[in-house]
Amino acid sequence: MSETSRKALAMPPETPADISVFEDRGAYVLRNQEGLALYTYDLDVDGRPHCVNKCAETWPPVLASDDASAVVGDWKSIQRGTARQWSYRGKPVYTYSKDAPGETKGDGVDGKWRLVSV
């Protein structure tokens, strides 16, 4: 690992308690508490979730716990019906129903889903 990479990994990014940070091959990987990778949806352009109904069955939203702070670093909880969903840098965050813990099968699906990376 280069010196620059070592310095970049010296301090993990600030995340809400609902989000876990792991180091994997010199980069930080963000996952929910069950170990599932986090994704954003390209069609969520206005900071609101547009993946609803059937879409949300395949791409479950990452919901904020009841006691979560509304803003943590680049993270903000946004309204989703009666619940609050996490967004990262203005994009609502989801998991992928076909992933198992540690997998990233959803990255690039339909050319619209992106793995959250730091």
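Residues numbered from 1 in each chain as written. Predicted model: local features only at pLDDT ≥ 70, side-chain atom pairs only at ≥ 80, totals over all residues. Heavy atoms only, no water.

A.B. asks: Lay out the overall build of the chain with the relevant residues and their values.
C.D. replies: Of the regular secondary structure elements, the chain holds two helices and eight strands. What you see in the chain, going N to C, is helices and strands ordered as α-β-β-β-α-β-β-β-β-β. Its C-alpha radius of gyration of 14 Å places the chain within 12% of the 13 Å reference for a compact globule of 118 residues. Considering only C-alpha atoms, the chain reaches an extent of 45 × 30 × 25 Å along its principal axes. Evaluated residue by residue, the chain yields a buried proportion of 37% over its 118 residues. In the chain, once contacts between residues fewer than 6 apart in sequence are set aside, the share between residues at least 24 apart is 54%. Of the roughly 6900 Å² of accessible surface on the chain, 50% is carried by carbon and sulfur atoms. Both charge centroids of the chain, one from 15 positive and one from 17 negative side chains, sit 5 Å from each other. (Helix = DSSP H or I, 4+ residues; strand = E, 2+ residues; numbered from the N terminus. Rg over C-alpha atoms; globule rule 2.2 N^0.38 Å. Buried < 20%, exposed > 50% of the residue type's maximum accessible area, 1.4 Å probe, protein only. Contact = heavy atoms within 4.5 Å. Areas by Shrake-Rupley, 256 points an atom, 1.4 Å probe, with all protein chains shown as cover. Lys, Arg positive; Asp, Glu negative; His and termini not counted. Charge placed at Lys NZ, Arg CZ, Asp CG, Glu CD.)

A.B. asks: Account for the pattern of salt bridges, naming residues and giving values.
C.D. replies: The tally for this structure, following the rule as stated, stands at five salt bridges. One salt bridge in this structure joins D42 and R114, with 2.8 Å as the shortest N-O distance. Taken together, the residues span a long stretch of sequence, with D42 in the loop between strand 3 (39–41) and helix 2 (54–58) and R114 in strand 8 (residues 113–115) at a distance of 72 residues. Assessed through its relative accessible area of 28%, D42 is described here as partly exposed. Looking at R114, the relative accessible area reads 35%, which means it is partly exposed. A salt bridge links D46 to R48; the shortest N-O distance between them is 2.8 Å. Looking at D46, the relative accessible area reads 40%, which means it is partly exposed. (Salt bridge = Lys/Arg side-chain N within 4 Å of Asp/Glu carboxyl O.)

A.B. asks: An account of the packing of aromatic side chains is requested, with residue identities and associated values reported.
C.D. replies: Overall, the coordinates contain eight aromatic pairs when judged by the stated rule. Note on Y39 and Y96: the rings are 6.4 Å apart at their centroids and 75 degrees apart in plane angle, and the pair reads as edge-to-face. Pair noted here: Y39 is in strand 3 and Y96 is in the loop between strand 7 (91–92) and strand 8, with a separation of 57 residues, a long-range link. Through pairs of rings, three or more aromatic residues link up here, namely Y39, Y41, W59, Y94, Y96 and W113. (Phe/Tyr/Trp six-rings, centres within 6.5 Å; stacked < 30°, edge-to-face > 60°.)

A.B. asks: I'd like a description of unusual backbone geometry, backed by residues and values.
C.D. replies: Negative phi is the rule for most residues except glycine; trans is the rule for most peptide bonds. A positive phi angle is found at R89, which is not glycine, with a value near 50 degrees. Structurally, the position occupied by R89 is in the loop between strand 6 (83–88) and strand 7. Look at D110: it is not a glycine, yet its phi comes out positive at around 55 degrees. Its place among the elements puts D110 in the loop between strand 7 and strand 8. The exposure class assigned to D110 is exposed, which follows from its relative accessible area of 66%.

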